[in-house]
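# Secondary and tertiary structure notes
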Amino acid sequence: MSYLTLKEASEATGLNETTIRRLCKKSESKPFIEMKKGKQGAMYTIQANYLFDVYPPSKLVKTDDYTRVYNDNTSIDKPPLQDYTALLEAKDEIIQLLKNETAYLRAENTGLREENRELKLLPSPTSVSDAPLSETPIDQQPDKKSFWQRLFG
């Protein structure tokens, strides 16, 4: 997964680092946060996908960031190319995780289907030989009707 420092996260979302730090400290954010050692000690890093789910990337683009392209009397403003390698790596990792999970679930499904087929081949427990035996023989069991008649008269 691709992780961003607080500074990188702040620049990517256009928010203050304190806001990103508050997000990192929330209990629901813990699975998406890693502590890494930096020059000044431990520092938070946040998973890029999680960050952008909570706070969308900043869409504010300065007009200075545009490059002017001239083609035969036609001018077109195009934003400069950005480095998307981190996002592409994160996407590739997610795809691989999903492929692994799919393979696991397919194998699990196959196993459950085999167990189901085996269970259908077992004899039903309602047959006489499989019926549970009572602890006392039938001729020695007390008559329920006479018990209730004796009890309530």
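Data block above holds the structure.
These figures come from a predicted structure and were not determined experimentally. (Residues numbered from 1 in each chain as written. Predicted model: local features only at pLDDT ≥ 70, side-chain atom pairs only at ≥ 80, totals over all residues. Heavy atoms only, no water.)

## Brief notes about the packing of aromatic side chains
A complete count under the given rule lists one aromatic pair for this structure. Ring centres of Phe-32 and Tyr-50 lie 4.2 Å apart, and the angle between their planes is 5°; on these two criteria the pair is classed as stacked. You can see Phe-32 sitting in the loop between α2 (17-25) and β2 (33-38) and its partner Tyr-50 sitting in helix α3 (residues 48-54), a full 18 residues away along the chain. (Phe/Tyr/Trp six-rings, centres within 6.5 Å; stacked < 30°, edge-to-face > 60°. Helix = DSSP H or I, 4+ residues; strand = E, 2+ residues; numbered from the N terminus.)

## A few points about a negative patch on the surface
The grouping of Glu-108, Glu-114, Glu-115 and Glu-118 at the surface amounts to a negative patch. By the secondary structure assignment, Glu-115 is in helix α4 (residues 85-121). (Patch = residues over 30% accessible without salt bridge, like charges linked within 9 Å, V, L, I, M, F, W, Y side chains within 5 Å. Areas by Shrake-Rupley, 256 points an atom, 1.4 Å probe, with all protein chains shown as cover. Salt bridge = Lys/Arg side-chain N within 4 Å of Asp/Glu carboxyl O. Lys, Arg positive; Asp, Glu negative; His and termini not counted. Charge placed at Lys NZ, Arg CZ, Asp CG, Glu CD.)

## Section: the packing of helix α1 (residues 6-13) against α2
At a minimum axis separation of 9 Å, α1 and α2 run at an interaxial angle of 115°. What the angle tells us is that α1 and α2 run roughly perpendicular. Of the two possible hands of crossing, α1 and α2 adopt the one that is right-handed. Between α1, through Leu-6, Lys-7, Ala-9, Ser-10 and Thr-13, and α2, the contact on the second element is made entirely by Glu-17, Ile-20, Arg-21 and Cys-24. (Axes fitted to C-alpha atoms, helices over the stretch in contact; angles between N-to-C directions. Parallel < 35°, antiparallel > 145°, perpendicular 65-115°, else oblique. Left-handed = near helix turned anticlockwise from the far one by under 90°. Contact = heavy atoms within 4.5 Å.)

Just distances and angles here, no functional claims.
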